[in-house]
Structures are given as C-alpha cells and as structure tokens.
Amino acid sequence: MSKNKKPAPKKGKPQGAQRNTGAAPRQTNGRPQQAKTQNTNTAASQWTSGTKRKKSNLGAIALGFVGLIVVLAVLIYVLTRVGENQTAAPAEPVILTSYDASKQPTLGNPDSDVKIVEFGDYKCPDCKIWTETVLPELKTKYLDTKEASFQFADYPFLADDSMLLALGGEALHAQNPEYFWAYNKAVYANQDENKVKESWVTEEALVDLVKENVKGADIEKFTADLKNKTYQAAVDADVKAGDDSKITGTPSIFVNGTRVDNPTLENVEKAIETAKAD
C-alpha cells in the first residue's frame, strides 16, 4: 500500500468522522502534537541561549586578548627605557693597579709622559695579532720618535705552558733586555693557534727556540733558570698587577694607566693623542 493512499472507512461510521473536530489534538505515535511543538520551541530556545553564550565567550576572549596586548606594550616600553639607561651610563674605566714599571722590558723613551703597557699571554692568538700588526705601527709613530714608551707584562693564564713561556722571557730579559724582544718575536712567530688550551711547550723546545733565534744568549744559564724557575717572583708580580687591575683577558692595553677598550690601532692612537694633550 502506498503511504499516500487513505485507508477505507470503518463500517458504520462516516468517512468524515476521522477528521479532527478540534476537541482534542491529533496524536502522532501516541503523543499529542502539542508536545512536539513544545519540544521544538524548547530546542529553539536552547539554540538561541547557546548562541548568546558563544557570543559572550567570544567577547571575553577578545577582551582578554586586548588586555594581553596592553600588558606586553607596557613591558616592552619599560625594558626599552631600562636598556636606554644602561646604554647611556658610561662604563667605569679600568685602572692599572699595583704595577711596577721599574724592571719591565721597555721600548721607546722610558721617561716619556705617554706610557703604554700590554698584559699578554704568549699562547694568546689575539696577542700575536696585536704584536705583529698594531705594535709595529705604534713603534714607528711613537716609540722610535721617543714620544712614548711601551712595556710588556706577563699574564699567563691560557694553559700550564703559558707560565713556562713567561719564565723564559723573564730569564732572557735579566740577561739582556735586547734578548727579550728577540724572544718575544720568535715565540709569537712559532705560536700554534690550534693548541691554545693544550700544554705542548717543553723546556727542551724552548731552549731550542732560543738557540735558533736569540743570538748571544747564555743557553746554559737560560736552561738552568727555566728549570729552577728563577724569575717566578717577577711573573707573579705581573699577574698580581693584572688581577688587581681586573684584567679579564689578553691583550689588555693601558695608556697612562687606563685600559683601552677594544685596542685597535685607531683606539690606541686616540688614547695616546689624548694623553699627549693632557
């Protein structure tokens, strides 16, 4: 039977009797039609309520996001101002302290009013670069003309054999100040920058280096001084002066007792010219 065909009327009753007279709601599947309408209204009401809740939640999220942006903006502003204040504040100069210049290796005019001091470690690659590039320029312009003096102070800290190299320099300086500068040049020329932190320099290697590069040196005395650490006190005095001056690395260059930050040729020359004008 098709679902659209009406059933035949029951016997004894007119066909119109099946019509709804309005006295009672038509039932569908045993439930009044009104109940279905109410359920539909209730569902619509719940949907509308849910929509309102969603809109309310979105508003709260948006408000919270705006608040977060405001907090971040304030934080960035505060940090920027703090950074500006820190940048604007000049750094305290590092002053050379407890340094004895009387027995140091010296180039130029020791009586000059402009005094340059380097604290160096013979195993330091930057010291090698500075000695081979900046110092020759300073020597030509200020040391050979007697306008300034230059001194080298030991600050061995990179490896155990840094101390041995420093002792070698002190031993040769005690023999003849000229021997020291020949030694200084030879050590940097033979520096192995790939073994900065390794202890590879031995007494025998150092003796051989002096034999080849420091003409006229007393090799027997030099060997004994290395073995006995004869000039340990001199090295220790330099290290103490470096520590007292708050040195944090090498090369550390001072002009008239004030450290030159980033000691390029330009910066050192500027410090020298300022010292000359004072």
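Bear in mind the structure is a predicted one, so any value in this text is a computation, not a measurement.

Draft legend 1. Representation of the pattern of salt bridges in the model. By the definition in use, this model includes nine salt bridges. The closest approach of N and O atoms between Lys-123 and Asp-161, which form a salt bridge, is 3.0 Å. Remark: Asp-161 occurs in helix α3 (residues 160-175) and Lys-123 occurs in the loop between β4 (115-120) and α2 (125-143); sequence separation between them is 38 residues. The two residues Lys-123 and Asp-161 agree in class, both being buried. Among the ionic pairs, Asp-244 bridges to Lys-240, the shortest N-O distance being 2.7 Å. Here Lys-240 and Asp-244 lie together in helix α7 (residues 232-244), a separation of four residues that amounts to about one turn. Overall, the relative accessible area of 48% leaves Lys-240 in the partly exposed class. Residues joined by salt bridges that share partners form a network here, namely Glu-147, Glu-273 and Lys-276.

Draft legend 2. Summary view of the sheet that holds β4. The mixed open sheet is built from five strands, whose spatial order is β3-β5-β4-β6-β7. The sheet is open, and its two borders are formed by β3 (106-108) and β7 (258-259), each paired with just one other strand. Across four bridges, the pairing between β4 and strand β6 (residues 252-255) is antiparallel. Its bridge partner being in β6, Phe-119 is matched across the sheet by Ser-252. Contacts between helix α8 (residues 265-277) and the sheet are confined to β4 and β6, with β6 contributing the most and set at about 20° to the helix.

Draft legend 3. How the structure looks around the packing of α3 against α7. Between α3 and α7, whose axes approach to 9 Å, the crossing angle comes to 115°. For the element pair α3 / α7, the angle class is roughly perpendicular. The element α3 and its partner α7 pack so that their crossing is right-handed. On α7, the residues touching Met-163, Ala-166, Leu-167 and Glu-170 of α3 are Gln-232, Ala-234, Val-235, Asp-236 and Asp-238. In terms of residue class, the contact of α3 with α7 is built from five nonpolar, one polar and three charged.

Draft legend 4. A look at a negative patch on the surface. On the surface, Glu-203, Glu-204, Asp-208 and Glu-212 cluster together into a patch of negative charge. Along the chain, Asp-208 turns up in helix α5 (residues 203-213).

Draft legend 5. Fine view of the confidence of the model for the protein. For the protein, mean pLDDT is 82; residues scoring 70 or higher make up 73% of the total. When the criterion is pLDDT under 50, residues 1-52 qualifies, and its contacts beyond four places in sequence or with other chains add up to nine contacts.

Criteria and thresholds
- Residues numbered from 1 in each chain as written.
- Predicted model: local features only at pLDDT ≥ 70, side-chain atom pairs only at ≥ 80, totals over all residues.
- Heavy atoms only, no water.
- Salt bridge = Lys/Arg side-chain N within 4 Å of Asp/Glu carboxyl O.
- Helix = DSSP H or I, 4+ residues; strand = E, 2+ residues; numbered from the N terminus.
- Buried < 20%, exposed > 50% of the residue type's maximum accessible area, 1.4 Å probe, protein only.
- Pairing = 2+ DSSP bridges.
- Contact = heavy atoms within 4.5 Å.
- Axes fitted to C-alpha atoms, helices over the stretch in contact; angles between N-to-C directions.
- Parallel < 35°, antiparallel > 145°, perpendicular 65-115°, else oblique.
- Left-handed = near helix turned anticlockwise from the far one by under 90°.
- Nonpolar A, V, L, I, M, F, W, Y, C, P; charged D, E, K, R; others polar.
- Patch = residues over 30% accessible without salt bridge, like charges linked within 9 Å, V, L, I, M, F, W, Y side chains within 5 Å.
- Areas by Shrake-Rupley, 256 points an atom, 1.4 Å probe, with all protein chains shown as cover.
- Lys, Arg positive; Asp, Glu negative; His and termini not counted.
- Charge placed at Lys NZ, Arg CZ, Asp CG, Glu CD.
- pLDDT = per-residue confidence, 0-100.

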